[in-house]
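Examination of the molecular architecture
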Amino acid sequence: VFGYWIELSSDGIPYSLFAYTALLPWTFLAKSLERSGQCIVTESNLVKKVYFPRIILPLAATFAGMIDFVMGLFILIGMMIWYGIVPTMNLVVVPILMVCTIIIALAVSLWLAALNARYRDIGGTIPLLSQLWMYASPVVYAVSVIPEQWQPLYRLNPMVGVIECFRWSLLGTPFPNSASI
């Protein structure tokens with residue numbers, strides 16, 4: 001829809017590959033937020049009966065998404081072969097970018113888990129917040145569509161730099177602005 005009818009710019013890359021490359025880290029983040037934000041409430045019986053560091057629950061919920069990420073990476077490699085895009089040596093940066101995504105996911109999900117344990121209504125807003133954050137990130141569009149005067153504010157979103165670096169490392173797009181990193 002975004003690439004065909006709305007004709008959003010994909011910086012010369014096939015739109016399905018452009019969008020999927022951004023969806024890979026974004027899906028990891030969104031699923032981590034959903035699982036981690038709910039984990040203390042859903043495991044409340046365990047938390048009340050056994051003493052252990054409660055931070056383990058959000059950590060485990062976040063790292064569980066790594067399997068999905070790796071499987072999605074194989075699909076992305078297949079799509080790159082299909083479209084004839086050869087990865088560059090920048091591919092070695094992907095593990096570092098994944099660590100950045102994990103840190104962002106943990107930072108936000110620890111706050112959400114604590115807030116959700118205290119105020120149960122937060123759990124219902126996590127999917128909405130994730131979806132709004134997705135549209136505020138360059139997942140379905142390129143950063144170049146954001147007007148220049150809004151770029152400094154836009155780059156405060158921590159996922160802008162991560163998503164742009166994923167595209168740079170996997171698809172060979174230009175290196176992102178250092179302010180977003």
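Residues numbered from 1 in each chain as written. Predicted model: local features only at pLDDT ≥ 70, side-chain atom pairs only at ≥ 80, totals over all residues. Heavy atoms only, no water.

**Details of the packing of helix H3 (residues 56-63) against helix H5 (residues 94-118)**
At a minimum axis separation of 10 Å, H3 and H5 run at an interaxial angle of 135°. Taken as axis vectors, H3 and H5 run oblique relative to one another. Every pair of crossing elements has a handedness; the one defined by H3 and H5 is right-handed. Contacts between H3 and H5 involve Pro-58, Leu-59, Thr-62 and Phe-63 from the former and Ile-102, Ala-105, Leu-106, Ser-109, Leu-110 and Ala-113 from the latter. (Axes fitted to C-alpha atoms, helices over the stretch in contact; angles between N-to-C directions. Helix = DSSP H or I, 4+ residues; strand = E, 2+ residues; numbered from the N terminus. Parallel < 35°, antiparallel > 145°, perpendicular 65-115°, else oblique. Left-handed = near helix turned anticlockwise from the far one by under 90°. Contact = heavy atoms within 4.5 Å.)

**Focus: helix H8 (residues 158-171)**
Its 14 residues give H8 an end-to-end C-alpha distance of 20 Å, which sits within 8% of 20 Å, the value for a rise of 1.5 Å per residue. Among the 14 residues in H8, 13 count as buried, and that is most of the element. For H8, the N-terminal capping position is held by Asn-157, with its side-chain oxygen 3.0 Å away from the main-chain nitrogen of Met-159. (Expected span 1.5 Å × (residues − 1). Buried < 20%, exposed > 50% of the residue type's maximum accessible area, 1.4 Å probe, protein only. Polar contact = N/O pair within 3.5 Å; in protein donor to acceptor, adjacent residues only side chain to side chain.)

**Digging into the side chain of Ser-169**
Mapped onto the elements, Ser-169 comes out in helix H8. Polar side-chain contacts of Ser-169 include one of 3.1 Å to the backbone oxygen of Phe-166. Among all residues touching Ser-169, those that are not within four sequence positions of it are Thr-88, Asn-90, Leu-91, Val-93, Val-94 and Leu-97.

**Quick notes on the nonpolar core**
Judged by nonpolar contacts, the single largest core of 43 residues is most densely connected at Leu-17, Trp-26, Leu-29, Trp-133, Val-139, Met-159 and Phe-166. Elements supplying a minimum of two residues to this core: helix H1 (15-42), helix H4 (66-83), H5, helix H6 (122-135) and H8. With 11 residues, the top contributor of residues to this core is H1. In contact with Phe-166, not counting residues within four places along its chain, are Thr-21, Pro-25, Phe-69, Val-94, Leu-97, Met-98, Thr-101 and Leu-171. Judged by nonpolar contacts, the second largest core, of five residues, contains Cys-39, Ile-40, Phe-52 and Leu-57. (Core = buried A, V, L, I, M, F, W, Y, C linked by side-chain atoms within 4.5 Å.)

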